[in-house]
Amino acid sequence: MKQTRKLISLALIAVLMMAMSGITVFATGSGSISVDNAASGETYNIYKMFDLVVDDENSPSAYMYSVNSDWADFFGNDGAGFISTSNGSVTINSGDEAALAAAAAAYAASNNIPTADDPITAGIVEWSGLDNGYYLITSTRGTKAMAASTPANPSQTISEKNPSNSLTKQVQEDSDSLWGSSNDAQIGDTVNFKSEITLYPGTRNVVFHDTMDSGLTYNDDATISGLDSGSYTITSSGSDTITVNFDNSYLNSLSGATTLTLTYSATLNTNAINGSTIVPQTNEAYLVYGGGSSTEHVTTTTTTHSFSVFKHASGSSQNLAGATFSLKKNGTVVPLIYIDQNTYRVAVSGESGVDTFTTVSSGNIVILGVDSDDYTLQETQAPTGYNTLSGEGSVNVSDDNGTQADIINSTGTLLPSTGGIGTTVFYVVGLIAVLGAGIFLVTNKRMAKEDI
């Protein structure tokens, strides 16, 4: 708003009008108006709002503005309050310049007011051969400025200073709830995203585009906090997973820089793994606005991980077959999908997975689709001739997929050790038997003597 007022103030340095009752007036010559720092891909339009006449065609000393015929209806209705007239001369009411520019731009767009537009060359758009007068300049980027061309100053240049809309995008890491450019997750987990969109007054035709890789399934839950749903529509269009179109009536109501937060989620699906290869998944977003201006494309990356299980006998570097394990997270068994004898993947909702996996002698077991988090392994059956492990072994999965769970089994049958509760029981039982036999013998001898 301040930039627009500055442009208008510069344009109004020229004397806009004088009451010239009773003098002969002449049409003026031609001039040019340029916009530098013009945005590529945008269309710039110029409209002659006021005609300029002078008191002397050869040596003008006084100017007078009158409403151009194409704008008669506007200034006779919606624009009437922005100007004052006296003796045919028009004056813009002080302080109304910015409001007039906005209202006039909307009128021009909806009423097919004649315009002259030229292509942008090296960031400059220029209109030449213009009759001197008072002009409104607009663009599809949201530019609204005014400039006056007079015989004394026939060439005017204004700068495109509309700030660019911007976009940031982040994904949430479930282990610490922090937001950043990347995260990891277990197959089947929900992944949360947020995009922050900053819009500036004057912007038009704003569309948010978001595309997810095939390993992310959009949960159809996008929403913009604090913004009435009538101000935007959310659809899927073309290659977009999410397309958000902002209503121009809402954009026209912006009075200052406005940041909107768009939140949505997706489920990490099995396409994040191709065979036995982990495939990082990207989510890309960008804004298009005006007549084609675009923000930079911003992306986040979501990936899953793997770890291996090396099962072997004590003192051996050979894989030990026949040990059965269950994988647990937070005390709950994680179902698995069998890929081949050495490879399993975490099952997702709707899949019929297995609750255990069994080791083989031909290599480690690899578990795909886990988060970089803490898991446990519980041995439910040991190989024949080996002791079953008691308790659960912890596995802390690293994000470099290099974690290896080293699990050792000992041979032999579990027997009570000397001095343990088991042998104590045997000793006690044996002692009772010996004492009982002794008592029996003593009792029998006494009874025999008594009988004699």
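Residues numbered from 1 in each chain as written. Predicted model: local features only at pLDDT ≥ 70, side-chain atom pairs only at ≥ 80, totals over all residues. Heavy atoms only, no water.

### Focus: the pattern of salt bridges
Enumeration over the complete set of coordinates arrives at seven salt bridges. Between lysine 328 and glutamate 392 there is a salt bridge, and its shortest N-O distance comes to 2.9 Å. Note that lysine 328 is positioned in strand β27 (residues 324-329) and glutamate 392 in the loop between β33 (374-381) and β34 (393-396), a separation of 64 residues in sequence. Of the charged contacts, one joins lysine 329 and aspartate 373 as a salt bridge, the two residues approaching to 3.7 Å between their closest N and O atoms. (Salt bridge = Lys/Arg side-chain N within 4 Å of Asp/Glu carboxyl O. Helix = DSSP H or I, 4+ residues; strand = E, 2+ residues; numbered from the N terminus.)

### Observations regarding the environment of serine 239
Looking at where serine 239 falls in the secondary structure, it is placed in the loop between β18 (232-235) and β19 (242-246). Residue classification places serine 239 among the exposed residues on the basis of a relative accessible area of 62%. Here the alpha-carbon distance between serine 239 and histidine 209, two residues 30 residues apart in the chain, equals 9.3 Å. (Buried < 20%, exposed > 50% of the residue type's maximum accessible area, 1.4 Å probe, protein only.)

### A few points about the side chain of serine 308
With respect to the helices, strands and loops of the structure, serine 308 is situated in strand β26 (residues 305-313). Judged by its relative accessible area of 13%, serine 308 falls in the buried class. Residue contacts for serine 308: discarding those within four places in its chain leaves Asn364, Ile365, Val366, Thr403, Gln404 and Ala405. (Contact = heavy atoms within 4.5 Å.)

### Here we look at the packing of aromatic side chains
For the coordinates displayed, the defined rule picks out 13 aromatic pairs. Seen from their ring centres, tyrosine 47 and tryptophan 71 are 6.3 Å apart, and the 85 degrees between their planes marks the pair as edge-to-face. One end of the pair, tyrosine 47, is in strand β3 (residues 44-54); the other, tryptophan 71, is in the loop between β4 (63-67) and α2 (72-76), with 24 residues separating them in the sequence. Tryptophan 71 matches tyrosine 47 in its accessibility class, with the two residues each being buried. Members of the aromatic cluster, joined through ring pairs, are Tyr47, Phe50, Tyr65, Trp71, Phe74, Phe75, Tyr107 and Tyr134. (Phe/Tyr/Trp six-rings, centres within 6.5 Å; stacked < 30°, edge-to-face > 60°.)

### Structural notes on the confidence of the model for the protein
Close inspection of predicted coordinates is inappropriate for parts of the model with low pLDDT. Chain-level statistics for the protein give a pLDDT mean of 83 and a share of 82% at 70 or above. Contacts for the low-pLDDT stretch residues 1-27, under 50 throughout, to residues beyond four places or in other chains number 58 contacts. A low-confidence stretch, residues 414-431 (pLDDT under 50), is modelled with six contacts involving residues beyond four sequence positions or located in other chains. (pLDDT = per-residue confidence, 0-100.)

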